[in-house]
Amino acid sequence: MTHITVKKSEATKKFYDDLVEGKVSRTLWGKARRFSPEVIADKRSVFKYFTSVVSTYMLSTDNVMDLGCGPGGFLAVIATLCGKVTGADITPNFIKECNKLIQEKRLTNASTILIKSGNIPFPDGHFDKIVMVDTIHHLENAAETMDEVFRILTNDGLLLIFEPNKFNPLLYLMCCMDKNEHGLLRLGTINKYRQLIGPRYEIVSEKYNGLLIGPKGRLALYLADICSLSLLSPIIGWLSPKIFLAARKK
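A short tour of the structure in this document, coming up. For clarity, every value in this text was computed on a predicted model and none was experimentally measured. (Residues numbered from 1 in each chain as written. Predicted model: local features only at pLDDT ≥ 70, side-chain atom pairs only at ≥ 80, totals over all residues. Heavy atoms only, no water.)

### Focus: the side chain of Thr 51
Structurally, Thr 51 is set in helix 4 (residues 44-54). Since its relative accessible area comes to 13%, Thr 51 is described here as buried. Among residues more than four places away in sequence, those in contact with Thr 51 are Val 46, Val 77 and Leu 81. (Helix = DSSP H or I, 4+ residues; strand = E, 2+ residues; numbered from the N terminus. Buried < 20%, exposed > 50% of the residue type's maximum accessible area, 1.4 Å probe, protein only. Contact = heavy atoms within 4.5 Å.)

In C-alpha cells form, the structure reads like this:
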C-alpha cells in the first residue's frame, strides 16, 4: 500500500493552533466567526448551501471522512446524514475542539484523527465519501493529496469539494490581504479544480455555490442568495462566494 504525503506548512499549522488559543485574530475569518462550530451549525447559509447539497449525495450507511475538519462545525452536520464520520486535521487544537463538540452533541457515530506524519492512515478504499470544505487551497501539494484521497475512497466513492471562488471580488481582496489564504490565488476557479482532479475523477457536478461561513451580515447573505437564484445564476452566478464540485472515481 502506497501512502501519498499530505503536505501543509508547519507555519500554517501553528497559525491555526494559535488562532484557537486566541493568540491571533482574523476579523471575518477569526475563530468566533469562521471557526466556531456552533455558528457554523446554526447558520441559515450552511443549511441552504451545504446541508441541502451534501444530503443529496449521502446514504445513511456511508462511511465518510471530513478532511480538514477544523473544529467540527461541518462534521456535526455530516454526522446527521451518514452512518459514520471521521474528522481529520493536522492542527492539534482543531482536533481537541472537534472532540469537545462530538462529546457535547453526543455524536456517537463521529470520531477524529490527528494527521501527524503527513499521511492519511487508512487503508485503500476505506471511505464511501470524502468531504473537503475550504481545505484544498491550503495544501502545499494539492495534487499529491488528491491522489491520497483517491486511494482511500471506495471504487464507487464520491468526493465532495467546497472551495472559495476567487472571482468574487471581495473574497479575492481578502485573500490577497491574508497570507494564510494565498493558496486560493493559484486555484479558486472551477477550471483549476477540474484540472486538478480531472485525470482520476469523473466530475458529476460543478457549480457556483452561495455558502458563506464567516460573514454574518444580512447584505452579504442576500447577495449570495441573489447570485444563486435560478434565473440569475447563469448570468451572475460566477460572483458567488463558493465553488462546489462532486466527483466520482473513474
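### As for the packing of helix 4 against helix 10 (residues 218-228)
Two numbers describe how helix 4 lies on helix 10: the axes approach to 11 Å, and their chain directions differ by 25 degrees. When the interaxial angle is binned, helix 4 and helix 10 end up roughly parallel. In the crossing of helix 4 with helix 10, the sense of the turn from one axis to the other is left-handed. Residues Arg 44, Ser 45, Lys 48 and Tyr 49 of helix 4 form the contact with helix 10, whose own contacting residues are Leu 221, Ala 224, Asp 225 and Ser 228. Class assignment for the residues of the contact of helix 4 with helix 10 results in 3 nonpolar, 2 polar and 3 charged. (Axes fitted to C-alpha atoms, helices over the stretch in contact; angles between N-to-C directions. Parallel < 35°, antiparallel > 145°, perpendicular 65-115°, else oblique. Left-handed = near helix turned anticlockwise from the far one by under 90°. Nonpolar A, V, L, I, M, F, W, Y, C, P; charged D, E, K, R; others polar.)

### Considerations on the pattern of salt bridges
For the structure shown, the criterion picks out 8 salt bridges. One salt bridge connects Arg 151 with Glu 148, and the closest N-O pair in it is separated by 2.8 Å. Within this pair, Arg 151 and its partner Glu 148 are both found in helix 7 (residues 142-152), separated by 3 residues, close to a single helical turn. Residue class for Arg 151 comes out buried when judged on its relative accessible area of 11%. Look at Glu 148 and you get buried, because its relative accessible area is 0%. Among the ionic contacts, a cluster of salt bridges with common partners joins Arg 44, Lys 48 and Asp 225. (Salt bridge = Lys/Arg side-chain N within 4 Å of Asp/Glu carboxyl O.)

### What about the pairing of strand 5 (residues 153-164)?
Burial runs high along strand 5: 10 of the 12 residues are buried. Here 6 bridges tie strand 4 (residues 127-133) to strand 5, and the two strands are oriented parallel to one another. Bridging across to strand 5, Val 133 finds its partner in Phe 162. With helix 7 bridging strand 4 and the parallel strand 5, this β-α-β connection has right-handed handedness. Here 7 bridges tie strand 5 to strand 7 (residues 242-249), and the two strands are oriented antiparallel to one another. Its bridge partner being in strand 7, Glu 163 is matched across the sheet by Ile 243. (Pairing = 2+ DSSP bridges. Right-handed = clockwise from strand over helix to strand, strands pointing away.)

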